[in-house]
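# Per-entry structural report
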Amino acid sequence: DDDIFSSAFCENSEKLINVHLFALAAKYYSLSNLGVCTPLEDVLEALKGDSEGATGMKPDEFMNNKKSHEVQVMSELVDNIANYCGIKQVIDIGSGKGYLSSFLSMQYNLKVYGIDSSSSNTNGAHERNRKLKKHWRAYQSRGRENLKSQSLEKANDRPVKSEIKCKTISEELLNNANSLQNQDQVIIQGVAPSCGFTEMATPTTSTETEADLVTGTQSHETKLSEDVPAILDVLPADAVEDFSPSHYNCGEICEEEKIQRKTTSLKTKARKSSESNLYFPLTSFITAETELNDIITDLEDCMMVGLHTCGDLAANTLRIFTAKPEIKAVCSVGCCYHLLSEQFENQEECHDQVWGFPMCQYLKDKGWCCGRNARMSACLALERVAVGQMLPTESLFYRAVLQVIIEEIYGVTKSDRHVGKTYSKSSSFIDYVRRSLKKLELDDSKLPDSCIMDYYEKYKHRMNELEAFNMLKVVLAPCIEVLILLDRLCYLKEQKNIAWSGLVKLFDPVKSPRCYAVIALKNQSC
């Protein structure tokens, strides 16, 4: 009840007088208590139906525990959405080092474009993906053992809008040269649940007899047992050399078979030259007005994803999704709320600017503003504090006293420069202050050590007060995050072309505090 919770503050002074009631109010208005989230299990159940989950590479072999958790959970959801919408192309906005993009392409055979504004991130993603390919040989022996218990008849087929059926390797080499010329795309798929290649092709012709298929299958079983590990289903197309026709020893090879094999080889080489990988890192700064066709030349029906898109990028991802007919779905997890631009924060008239907050018309009509302090608080992690991962009180105290010093000694109240992670590199408060002043390009020679320590002693007794204040901010954090997330959800609810939209808790908040995804699917007619 709003009236009850309002009594947590003094009516006259507006000071907090009831901490317990304040905490109860914060919990009451948290996202977990409001009942507006859709459980992840319900979403997956609605999307996947009777389909089986993919098996293969575990992300924790290539990334830390936090990133592994995020990538594994989100990639499964993205794959299910792609299957449901019948799409193969994914655009990863703010892809960073390409963790999610790589895993989506390798594990789920999706064609992923990872777009990041930082060229160093894009180059790093290229290099990381290159090194990752080399690891496939390490899985070879593991794959041989798995292959013994797997059936070659199980093909991993993904629904595609054109409803073209996937063919297994055994059928691939039996196609004639003319049918190969009509094929559009070669993709990695599983001959067994986690192994092999397939090709987008026309169904098997009636001229292919059962005996032909058996012969083809047997020859490929022999080859697969020698060279193809189970990890192939999670590796890019160019990570493995093509099967050389000279490796097959099936007796006399007829002329038609030679022509057909040669055509297959040429087709594969052509595909590899034009599309050497299923993951493409790109460098571009994304805004709400970005034309994706200018960045991605072969843009088709796709979905847009973002794992911890920073500041306004999360809002712009949703705007691009609603504006572009090719984008059929979106799954966005935002972060860095403190970097959001706010329309009503400075009361400046900027009619042409697109703001990060608010997005929905309801809050725009009310002229709602959070302010930087509130947005900073929204970034705090209540669940981590609740399990004993306390706030770094001393480093926060250092930073607070430093601010007093630079205001009183140097007269600086605002700077474009940042102190950064100076605390972890400092041996003492004096060392911290001097390192910080250099980063801020302020002359520290006018400040003796004794003066620095005087400031430390002056405020040391208030460290507990600072800790209590920050704990109140932590308690309030989920309420501010709710406001930002519901603003984004309401924006989607206001759009006419959206079939379904919702908030879904994807991650364990202790492992990944920014754990909520905004998900939406467009009407099929759009």
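Quantities reported herein were computed from a predicted structural model and do not represent experimental measurements.

## Quick word on the overall build of the protein
The secondary structure content of the protein amounts to 21 helices and 10 strands. Here the protein holds 526 residues, and 47% of them are scored as buried. For the protein, long-range pairs separated by at least 24 residues make up 75% of all intrachain contacts whose partners lie at least 6 apart in sequence. By element, 50% of the accessible surface of the protein is carried by carbon and sulfur atoms, the whole surface being about 27,200 Å².

## Quick word on helix H6 (residues 99-108)
Burial analysis of H6 places 9 of its 10 residues in the buried class, the great majority of the element. Buried within H6 are the following residues: Leu-100, Ser-101, Ser-102, Phe-103, Leu-104, Ser-105, Met-106, Gln-107 and Tyr-108. Among the residues trailing H6, Asn-109 stands out with phi positive, at a value near 60°.

## Section: the pairing of strand S10 (residues 516-522)
Along S10, 7 of the 7 residues are buried, which leaves the element largely enclosed by surrounding structure. Judged by which residues are buried, S10 turns out to be covered on both faces: Tyr-516, Val-518, Ala-520 and Lys-522 on one side and Ala-517, Ile-519 and Leu-521 on the other are all buried. Bridge count between strand S8 (residues 327-335) and S10: 4 bridges; the pairing is antiparallel. Paired with Ala-329 across the strands is Leu-521, a residue of S10. Here 7 bridges tie strand S9 (residues 498-505) to S10, and the two strands are oriented antiparallel to one another. The residue bridging Gly-502 from the neighbouring strand is Ile-519, located in S10.

## Examining the state of the cysteines
A full pass over the atoms with the stated rule returns 0 disulfides. Cysteine Cys-310 remains unbridged, with the sulfur of Cys-336 as its closest cysteine sulfur at 3.2 Å. Looking at Cys-310, the relative accessible area reads 35%, which means it is partly exposed. Here Cys-490 is not disulfide-linked; the sulfur of Cys-360 is the nearest cysteine sulfur, at 4.9 Å. Judged by its relative accessible area of 34%, Cys-490 falls in the partly exposed class.

## As for the sheet that holds strand S6 (residues 279-283)
Read from one edge to the other, the open sheet built from 7 strands follows the order S6-S2-S1-S7-S8-S10-S9, with strand pairing classed as mixed. Only two strands of the sheet have a single neighbouring strand rather than two, namely S6 and S9. Across the sheet, the mean angle separating the axes of adjacent strands is 15° when strand polarity is ignored. Sheet topology note: the strand S1 (residues 89-93)/strand S7 (residues 302-310) ladder contains 4 bridges and is parallel. Across the sheet, the residue bridging to Val-90 is Met-303, located in S7. Each of S1, S7, S8, S9 and S10 touches helix H14 (residues 312-323); the most contacted strand, S8, lies at about 170° to it.

## Remarks on unusual backbone geometry
Cis rather than trans, the peptide bond between Phe-357 and Pro-358 has omega equal to -5°. For Pro-358, the location among the structural elements is in the loop between S8 and helix H15 (361-366). Here His-308, not a glycine, exhibits a phi torsion of approximately 60°, which is positive. In this structure, His-308 sits in strand S7. Its relative accessible area of 17% is what places His-308 among the buried residues.

## Concerning the pairing of S7
Among the 9 residues of S7, 8 are classified as buried, and the element is accordingly described as predominantly covered. Note: S7 against S8, 8 bridges, orientation parallel. Each bridged residue has a counterpart across the sheet, and for Leu-307 the counterpart in S8 is Val-333. Handedness of the β-α-β unit built from S7, H14 and S8 comes out right-handed.

## Considering the nonpolar core
Ranked by size, the top nonpolar core spans 75 residues in total, and within it Met-74, Leu-77, Ile-91, Met-303 and Leu-506 carry the most contacts. Excluding its chain neighbours within four sequence positions, the residues that come into contact with Met-74 are Leu-100, Val-305, Gly-306, Leu-307, Cys-331, Val-333, Leu-506 and Phe-507. The next biggest cluster of nonpolar side chains, apart from the first, holds 20 residues, and it includes Phe-429, Tyr-432, Leu-447 and Tyr-459.

## Overview of the confidence of the model for the protein
Mean pLDDT over the protein: 75, with 66% of residues reaching 70 or higher. Across residues 147-155, confidence stays below pLDDT 50; counting only partners more than four residues off in sequence or on other chains, it has 24 contacts. Counting interchain partners and residues more than four positions distant, the pLDDT-below-50 stretch residues 266-277 has 19 contacts.

## Topic: the packing of H14 against helix H21 (residues 463-493)
Two numbers describe how H14 lies on H21: the axes approach to 11 Å, and their chain directions differ by 10°. In terms of orientation, H14 and H21 fall into the roughly parallel class. Residues Ala-314, Leu-318, Arg-319, Phe-321 and Thr-322 of H14 form the contact with H21, whose own contacting residues are Arg-488, Tyr-491 and Leu-492. Tallied by class, residues from the contact of H14 with H21 come to 5 nonpolar, 1 polar and 2 charged.

Each value, and the rule that gives it
- Residues numbered from 1 in each chain as written.
- Predicted model: local features only at pLDDT ≥ 70, side-chain atom pairs only at ≥ 80, totals over all residues.
- Heavy atoms only, no water.
- Helix = DSSP H or I, 4+ residues; strand = E, 2+ residues; numbered from the N terminus.
- Buried < 20%, exposed > 50% of the residue type's maximum accessible area, 1.4 Å probe, protein only.
- Contact = heavy atoms within 4.5 Å.
- Areas by Shrake-Rupley, 256 points an atom, 1.4 Å probe, with all protein chains shown as cover.
- Pairing = 2+ DSSP bridges.
- Disulfide = S-S within 2.5 Å.
- Axes fitted to C-alpha atoms, helices over the stretch in contact; angles between N-to-C directions.
- Right-handed = clockwise from strand over helix to strand, strands pointing away.
- Core = buried A, V, L, I, M, F, W, Y, C linked by side-chain atoms within 4.5 Å.
- pLDDT = per-residue confidence, 0-100.
- Parallel < 35°, antiparallel > 145°, perpendicular 65-115°, else oblique.
- Nonpolar A, V, L, I, M, F, W, Y, C, P; charged D, E, K, R; others polar.

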